[in-house]
Amino acid sequence: RGVFCTAFLYKRGNMKLIYIIAILIGAVSYSCNGKQKSEQTKTNPASEMYLTAQDTAAVKQLVNLFMRHAKAHHIDSAVGILRHVDRSVSTKPVLLNEAACMKAGAMLNKYPVLDYFLSDMAFYNAYHNEVLCHVKTTNGITIKLRFAPVRYLGRWSLCLKGIDNK
């Protein structure tokens with residue numbers, strides 16, 4: 001069919017139309033190929049993180065363990081679960097230093113846990129994730145604890161990202 005149309009147009013002397021059609025076909029072909037290349041560069045398999053139900057369960061288990069210790073007023077045990085990642089030094093999660101332990105312990109003493117529930121979990125990559133936990137304190141205050149779970153060598157660690165007491 002294409003050959004017939006081209007031959008028909010050529011015989012009639014409409015070379016301009018043939019060139020326009022050829023340019024349109026080329027433009028469409030180029031834009032489709034360009035789109036595929038840009039989509040390929042957007043996704044980098046090395047930086048993607050594939051989650052399983054076990055990953056979600058492991059993070060929930062860590063948060064629940066931390067919160068159970070905090071609720072039972074086992075502050076040292078709760079703080080002992082927390083880790084820190086200093087990406088300028090390494091990507092390996094490490095235990096909190098003494099100052100950070102004291103700060104986390106003071107926060108748990110200031111806001112003693114009466115009850116809690118996990119409200120949101122967002123996973124982006126191995127080092128950028130967030131779990132939001134609503135905490136009702138024995139003081140009658142409701143706070144939000146934001147955790148930043150980190151996956152290193154296939155294992156999850158729990159980092160404390162921040163606290164919102166508004």
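Bear in mind the structure is a predicted one, so any value in this text is a computation, not a measurement. Sequence order as written defines the numbering, with residues in each chain counted from 1. Predicted model: local features are reported for residues with pLDDT of at least 70 only, side-chain atom pairs are reported and counted for 80 or more only, and whole-chain, interface and lining totals are derived from all residues. The side-chain numbers reported here are obtained from all heavy atoms of the structure, hydrogens and water having been left aside.

Chemist: Which residues make up the environment of Pro149, and what values do they have?
Modeler: If you trace the backbone, Pro149 turns up in strand β5 (residues 142-152). The sequence separation of Pro149 and Arg83 amounts to 66 residues, and the corresponding C-alpha distance is 9.1 Å. Here, residues are in contact when the closest pair of their heavy atoms is within 4.5 Å. When sequence neighbours within four positions are dropped, the list of residues in contact with Pro149 reads Val59, Ala126, Asn129, Glu130, Val131, Trp156 and Ser157. In this description a helix means any DSSP run of H or I spanning at least four residues, a strand means any run of E spanning at least two, and both kinds are numbered starting from the N terminus.

Chemist: Describe the pattern of salt bridges, and please don't skip the residues or the numbers.
Modeler: A pair is scored as a salt bridge if a Lys or Arg side-chain nitrogen falls within 4 Å of a carboxyl oxygen belonging to Asp or Glu. Counted under the stated rule, the structure contains three salt bridges. The closest approach of N and O atoms between Arg151 and Asp55, which form a salt bridge, is 3.4 Å. On the criterion of sequence distance, the pair formed by Arg151 in strand β5 and Asp55 in helix α3 (residues 53-71) is long-range, its members being 96 residues apart. Using a 1.4 Å probe on the protein chains alone, a residue whose accessible area is under 20% of its type maximum counts as buried, one over 50% counts as exposed, and one in between counts as partly exposed. Here Asp55 falls in the buried class, since its relative accessible area comes to 9%.

Chemist: Before we move on, can you summarise α3 with the specific residues and values?
Modeler: Expected helix span is given by 1.5 Å per residue-to-residue step, counting one fewer step than there are residues. With 19 residues, α3 ought to run about 27 Å at 1.5 Å a step, and its terminal C-alpha atoms sit 26 Å apart, in line with that. Three or more residues of α3 are buried, namely Asp55, Val59, Leu62, Val63, Phe66, Met67 and Ala70. Each buried residue of α3 sits inside an arc of 125 degrees when the element is viewed along its axis, so together they form one side. What points out from α3, more than 90 degrees from its buried face, is the exposed set Ala53, Gln54 and Gln61. Looking at the buried side of α3, the elements it contacts are α4 (75-81), α5 (98-110), β3 (113-125), β4 (128-137), β5 and β6 (155-164). Looking at the residues trailing α3, positive phi occurs at His73, about 65 degrees. The directions from the helix axis to the C-beta atoms are what the arc is built from.

Nothing here speaks to function; it is all geometry.
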